[in-house]
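What follows is the residue order along each chain.
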Amino acid sequence: DEYWSTVNSVYEKIRKFYEERREEQAANIEKKKQLIEKAKELNEVELTDHKAWQKMSEQVLQLQEDWKKIGFGSRDENEAIWQEFRTVCNEFFGKKKAFYGERNEQFTETKSKKEALIKEAQALKEITDWKDGTTKVLNLQKRWKEIGSAGPKFENQLWKKFRDPIDA
């Protein structure tokens, strides 16, 4: 009787350990499902500018950090839920890549237009008819503003190249 009571108490401790572990894993899976829902909500938001993309990227990266801090779930569920989370994150970063690709194409197009204006401005450098030259310079400056920005990488460089012949 003493032997069996000892064996039963050991088995009871083992059962209790595994039961607590299953409960912890189930709680972890629930936490991960909540993170997936948050990521899906973030993915639904339409973003149209750089600052919004930056802010949203920080939030998605924070969700990924939170995911790492949550413990494991049961092996079967953990892998399936990880794939779902990964798919949602990949979808977000795919949209981000497409946004910035399109934005960079616009910047490149704008850059080439501004380079053409710079060539026109350099041609005006030699004009001696001040009235006609002033009108043409003002038109060039107006067109420069209408074209828009060539992006933070090129805008200041192009502006300096444009201002040199205008100032002359």
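Residues numbered from 1 in each chain as written. Predicted model: local features only at pLDDT ≥ 70, side-chain atom pairs only at ≥ 80, totals over all residues. Heavy atoms only, no water.

Student: Looking at this structure, I do not really get the packing of aromatic side chains. What am I missing?
Tutor: Geometry of an aromatic ring pair is reported as the spacing of the ring centres plus the angle between the planes. Inspection of every chain in the model, using the stated rule, returns 12 aromatic pairs. Taking 5.1 Å as the distance between ring centres and 75° as the angle between the ring planes, the aromatic pair formed by Phe17 and Tyr18 counts as edge-to-face. For Tyr18, a relative accessible area of 39% puts it in the partly exposed group. For the pair Phe92 and Phe93, a centre-to-centre distance of 5.1 Å together with 80° between the ring planes defines the contact as edge-to-face. For Phe93, a relative accessible area of 27% translates into the label partly exposed. (Phe/Tyr/Trp six-rings, centres within 6.5 Å; stacked < 30°, edge-to-face > 60°. Buried < 20%, exposed > 50% of the residue type's maximum accessible area, 1.4 Å probe, protein only.)

Student: Help me understand the packing of helix α3 (residues 75-124) against helix α5 (residues 155-167), please; the structure alone is not making it clear to me.
Tutor: What describes two packed helices is the angle between their axes and the distance between those same axes. At a closest axis distance of 8 Å, the pairing of α3 and α5 adopts a crossing angle of 15°. By the criterion of interaxial angle, the relationship of α3 to α5 is roughly parallel. Judged by the sense of rotation from one axis to the other, the crossing of α3 with α5 is left-handed. Where α3 abuts α5, its residues Lys111, Lys114, Glu115, Leu117, Ile118, Ala121 and Gln122 lie against Glu155, Leu158, Lys161, Phe162, Pro165 and Ile166. (Axes fitted to C-alpha atoms, helices over the stretch in contact; angles between N-to-C directions. Helix = DSSP H or I, 4+ residues; strand = E, 2+ residues; numbered from the N terminus. Parallel < 35°, antiparallel > 145°, perpendicular 65-115°, else oblique. Left-handed = near helix turned anticlockwise from the far one by under 90°. Contact = heavy atoms within 4.5 Å.)

Student: How should I be thinking about the environment of Val10 in this particular structure?
Tutor: With respect to the element layout, Val10 can be found in helix α1 (residues 2-44). When its relative accessible area of 43% is taken as the criterion, Val10 is described as partly exposed. Along the backbone, Val10 and Glu24 are 14 residues apart, and their C-alpha atoms lie at a distance of 21 Å.

Student: I'm lost on helix α4 (residues 130-147) in this one. Help?
Tutor: Along an α-helix, a turn takes 3.6 residues, which lines up residues three or four apart on a common side. Across its 18 residues, α4 extends 25 Å between first and last C-alpha, which sits within 8% of the 26 Å expected from 1.5 Å per residue. Taken as a whole, α4 has its buried residues at Gly133, Val137, Leu140 and Trp144. Viewed end-on, α4 has its buried residues packed into an arc of 60°, placing them on one side of the element. Pointing more than 90 degrees away from the buried face of α4 are the exposed residues Lys131, Leu138, Lys142, Lys145 and Glu146. In this structure, the buried side of α4 is in contact with α3 and α5. In the segment just after α4, Gly148 is the residue with positive phi, at about 100°. (Expected span 1.5 Å × (residues − 1). Arc of directions from axis to C-beta.)

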